[in-house]
2 protein chains.
Amino acid sequence: MKTADPELMRAINRFHVLDTIRRFGAISRVEIGERTVLSATTVSAITASLLDDGLISTRHEGDLRSGGARGRPRVMLTLNPEAARVVGAKIASNRLVFCVTNFQGDVLASLTLPVRVDRLPVEVIADLVEDGVRRCVMDAGLALNEIKTVALSLPGIIEHGTGRVRSSAVFRDANVSLKEAIVKRLDIDTIVESDANAITMAEHWFGRGRDCDDFVLVAIEESLGLGVLHGGQLFRGARELSLTLGDMIMGSDPEHAIKLSELASERAILDGDHGDSRVRDAIRLGQGMGRVRGLIEEGDNELRIAAARAGSALGIAIANLVALFAPPRVILVGSTLALGDYLLDSLRLAFAKAIPDPLKNVAQIVIDEVSDELWARGAAAVALGELYGSPWGTTGPARRSNTTEFSDTEAGR
Amino acid sequence: MKTADPELMRAINRFHVLDTIRRFGAISRVEIGERTVLSATTVSAITASLLDDGLISTRHEGDLRSGGARGRPRVMLTLNPEAARVVGAKIASNRLVFCVTNFQGDVLASLTLPVRVDRLPVEVIADLVEDGVRRCVMDAGLALNEIKTVALSLPGIIEHGTGRVRSSAVFRDANVSLKEAIVKRLDIDTIVESDANAITMAEHWFGRGRDCDDFVLVAIEESLGLGVLHGGQLFRGARELSLTLGDMIMGSDPEHAIKLSELASERAILDGDHGDSRVRDAIRLGQGMGRVRGLIEEGDNELRIAAARAGSALGIAIANLVALFAPPRVILVGSTLALGDYLLDSLRLAFAKAIPDPLKNVAQIVIDEVSDELWARGAAAVALGELYGSPWGTTGPARRSNTTEFSDTEAGR
DNA sequence: GCAATTACAACGCGACGCGAATTAAGTGCG
DNA sequence: CGCACTTAATTCGCGTCGCGTTGTAATTGC
């Protein structure tokens, strides 16, 4: 267990304040105090330190209290967007997506490389990633040494701590240290994270989970990912392993054990006899499910059934998750959602049937169709989240700024 | 999020020290410092405060360092067993089990009431619980006002915070406030917890999870319970709902959705055509599975198949849990384990088949057949765990003991 | 009996968060 | 135009925390 010392205490409160500023944008100190339940004194001290470190800046406008604004006006605080830049990336089997963001997660540049990395050797993938990162950083008008952290996200079972990829649909080899390969090439702090966790952070920071510190996210793409946000933080297993959903067994008979991924992954939906080359091409381009939807609408009954079957399986799996985690919200994302109601109707039905009665109204299900860029942005958010928590400045006590003290004393009197 | 203040800091470290003393029995201050990674100074201050509050006591013996014990001998510290007493209880459908423990969880008295509470109104059950608590406390030679907390555990979905029972196999009604009913009768602090969480704590404190801060426990009885220990603490869902396993759906088709409880609960195993009255009677007495094992050994093929089917389903469910939580250990408990290998062979086989390759060696499966009393003791441990964390003494700073100071100064010189 | 060794307590330091008092920076009314 | 009023933010002093250093206590070995 982590030992509790003043340093930890400050780290917690600093993060809390910084995160509050991020979430509510321009916000005054008083309001931070109200939201964090820290005293005004403490908030002042912490914000002074943050200002000193250049992580936030002041703005003397935007006080939007109701009309009669009596008293000393509030000084609004915002993140200093220039405080740091990070790169987030999504590695999928048929494309690499990069984005550079500033300190508050605004996208400065983004880049999609539609290359099929599927089953390539790690070293080759790492080369591609290096290339993408360098180009995207250049596009943002930055130099590589201005990037604080690179965060890579990909499907599969990832050891967050070590940056090892235990297994992934996009990797041929198992148990490779992706982090090491990237650090060797870029010499920048690198984080490797499951793509589901990345998009979970994205939803929490920018999307449908902004107002909610506890939710479960299910990512339905080629792989089936799972992200759990618990108390505002990503829930990682005991060994910092990321969670996956595709390996969930749907069936009671080990002889006929069917994994969820065999029912609900994109590959599974297409694995009728659809050798249709147009569809396969569309999938290469990452628009497979849109095409599939089109085919269903044109009357392809086989695909319709496959979609419904996938939806049913997912509905059940989600009900199982709700029974396990009892989250107030379940967010669904991923390219497979392009199937629309062909997937969702059966999903909702199966969920409703499967969810036990006392948990009926525990979880609200939210569908969110998101862009690839948001996934990459989520990876960036993972990186930023770690920056927010790490100590800046001079291992920094919340010291009163000495510089100001001098000028004040001399000029003022 | 909890705001970090000095009080929280002290609570954490105090708990940490107290818990270390509990786990390692007679232990010196230096050793506590090593184990908690707190400085010797801090440990001294905290232990002084704990001594002051009477929660621990010193013992000038038992220094078991290797032969050549040079230097000032270590003073060993132990919990003061008299510091508090709690009652733990297990409420099952056909029996109530109580135990009174002292501050370190030793059982002072225990009591089993073989009554069928199944489907009784809450008020009646509460009456029975009241009765049992009073009798058990008396058996321990104590008065009711010497009991600090009562912790009740029962199967089902429990809201730990409010003490409400959302649904339980032993309750006829849904969504009742058991805590309230008990407090009204006994006027003692009451905790309501799922029985799976209770036995999880029992395994952590006294059983097969002593050395391990992260594990998953599956309780296989009439109901199927799930306990998750994460970082040394019970993992509770966002709403402090306890987790259950029986509602996990084993199947992909919503039309034929089968809950795990329909395959692996004791009722399910017996629900062949076994109206055999001897078996039913045995079940009433809580020895059903032992009898079933006997019948299987006598050649009852139907039951053998049912047991194997249950094992398979459980093996798959456990594999799913491992895929979700990646725990280093999975502990299996519960009366159904009396079936022995008739259950476990198929369980192991199904688990091995279902677990995805990269997670092959993540989790070690441990079978632990435990007594009813341990469940009740686990409930007591839940109560004690909360006591360890709560502030004692005078909202107590780690003050240097004033009393001792006086006598020392006056007597010593 | 004295040195060496080890455990523990006492003291002082720096940092934290908080409440009360103080200063800053506006609005509104006469 | 100026003065009271109001609210925001800072400063100050207090109590607490954990930690490093120093001092003291209680042994063993020679």
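Refer to the structure above for everything that follows.
The rules behind the values
Residues numbered from 1 in each chain as written. Chains lettered and ligands numbered in written order. Predicted model: local features only at pLDDT ≥ 70, side-chain atom pairs only at ≥ 80, totals over all residues. Heavy atoms only, no water. Pairing = 2+ DSSP bridges. Helix = DSSP H or I, 4+ residues; strand = E, 2+ residues; numbered from the N terminus. Axes fitted to C-alpha atoms, helices over the stretch in contact; angles between N-to-C directions. Contact = heavy atoms within 4.5 Å. Buried area = accessible area lost by both parts, 1.4 Å probe. Salt bridge = Lys/Arg side-chain N within 4 Å of Asp/Glu carboxyl O. Polar contact = N/O pair within 3.5 Å; in protein donor to acceptor, adjacent residues only side chain to side chain. Nonpolar A, V, L, I, M, F, W, Y, C, P; charged D, E, K, R; others polar. Core = buried A, V, L, I, M, F, W, Y, C linked by side-chain atoms within 4.5 Å. Buried < 20%, exposed > 50% of the residue type's maximum accessible area, 1.4 Å probe, protein only. Phe/Tyr/Trp six-rings, centres within 6.5 Å; stacked < 30°, edge-to-face > 60°. Lys NZ or Arg CZ within 6 Å of the ring centre and 35° of its normal. Near = heavy atom within 4 Å. Least-squares fit on C-alpha atoms with pLDDT ≥ 70 in both.

Draft legend 1. Local environment of the sheet that holds strand β7 (residues 147-154) of chain B. Residues and elements named next belong to chain B. Read from one edge of the open sheet, 5 strands run β6-β5-β4-β7-β11, paired in mixed fashion. Each edge of the open sheet carries a strand with a single partner, namely β6 (107-113) and β11 (189-194). Put simply, the sheet's adjacent strands are angled 15 degrees from each other on average, direction ignored. As paired strands, strand β5 (residues 95-101) and β6 are joined by 6 bridges and run antiparallel to one another. What sits directly across from Leu96, in β6, is Leu113.

Draft legend 2. Structural detail: the interface of chain B and chain A. Taken together, the contact pairs 57 residues of chain B with 57 residues of chain A. Note on chain B versus chain A: buried area summed over both sides is about 4900 Å², and carbon and sulfur give 67% of it. Along the contact surface separating chain B from chain A lie 0 salt bridges. Seen at the junction of chain B and chain A, the total is 6 residue pairs in polar contact (both at pLDDT 80 or more). Those elements that provide at least two residues to the side of chain B that touches chain A are α1 (6-24), β9 (164-167), β13 (224-230), α11 (301-325) and α12 (341-354) of chain B. For the side of chain B that touches chain A, the element with the highest residue contribution is α11 of chain B, accounting for 8 residues. For the side of chain B that touches chain A, the class distribution of residues is 34 nonpolar, 13 polar and 10 charged.

Draft legend 3. Broad picture of the sheet that holds strand β16 (residues 364-367) of chain B. All names here are of chain B. Read from one edge of the open sheet, 5 strands run β14-β13-β12-β15-β16, paired in mixed fashion. Bordering the open sheet on either side are β14 (233-234) and β16, each of which pairs with just one other strand. Pairing of strand β15 (residues 329-333) with β16 involves 4 bridges; the strand directions are parallel. When the bridges of β16 are listed, Val330 appears paired with Ile365. In this fold helix α6 (residues 195-206) packs onto β12 (215-220), β13, β14 and β15, with an angle of close to 45 degrees to the strand it touches most, β13.

Draft legend 4. Representation of the nonpolar core. In terms of nonpolar packing, the biggest core is built from 106 residues, with Leu260 of chain A together with Val218 and Leu260 of chain B touching the most fellow members. Those residues in contact with Val218 of chain B, other than ones at most four positions away along the chain, are Gly225, Leu226, Leu245, Ile318, Leu321, Val330, Ile331, Leu332 and Val333 of chain B.

Draft legend 5. Seen up close, the packing of aromatic side chains. All names here are of chain A. One pass over the full model with this rule turns up 12 aromatic pairs over all chains. Between the aromatic rings of Phe103 and Tyr388, the centroid separation amounts to 5.0 Å while the plane-to-plane angle is 55 degrees, which identifies the pairing as tilted. Placement of Phe103 in the loop between β5 (95-101) and β6 (107-113) and of Tyr388 in helix α13 (residues 372-389) is noted, with a sequence separation of 285 residues between them. A relative accessible area of 0% places Phe103 in the buried class. Given a relative accessible area of 2%, Tyr388 falls into the buried group. When the ring centre of Trp205 is taken as origin, the NZ or CZ atom of Arg22, which lies over that ring, is 3.7 Å away.

Draft legend 6. Inspection of the protein's contact with DNA strand D at higher detail. Near DNA strand D there are 28 residues, and of these Ser44, Gly71 and Arg74 of chain A together with Arg10 and Thr42 of chain B occur at the shortest range. Gly71 of chain A is positioned such that a nitrogen or oxygen atom in its backbone is 3.4 Å from a base oxygen of DNA strand D. Considering each element in turn, the surface near DNA strand D owes the most residues, 3 residues, to α1 of chain B.

Draft legend 7. Region of interest: the pattern of salt bridges. All names here are of chain A. This model, assessed by the stated rule, comprises 44 salt bridges over all chains. For Arg236, the salt bridge identified is with Glu193, shortest N-O distance 2.4 Å. Here Arg236 is found in the loop between β14 (233-234) and α7 (261-264), whereas its partner Glu193 is found in strand β11 (residues 189-194), with 43 residues between them in sequence. Each member of the pair, Arg236 together with Glu193, is buried. Linking Asp247 and Lys259 is a salt bridge whose minimum nitrogen-to-oxygen distance equals 3.3 Å.

Draft legend 8. Quick peek at the relation of the copies chain B and chain A. Each copy of the sequence occupies a distinct position, and chain B is placed on chain A by a rotation of 180 degrees and an axial shift of 0.0 Å, giving an RMSD of 0.1 Å. The superposition operator between the copies reduces to a two-fold rotation axis. Judged by C-alpha distance, Gly251 of chain B is the residue of chain B that lies nearest the rotation axis, at 2.0 Å. Residue by residue, 100% of the interface of chain B is reproduced at the interface of chain A, so both copies engage with the same surface.

Keep in mind these values describe shape, not function.
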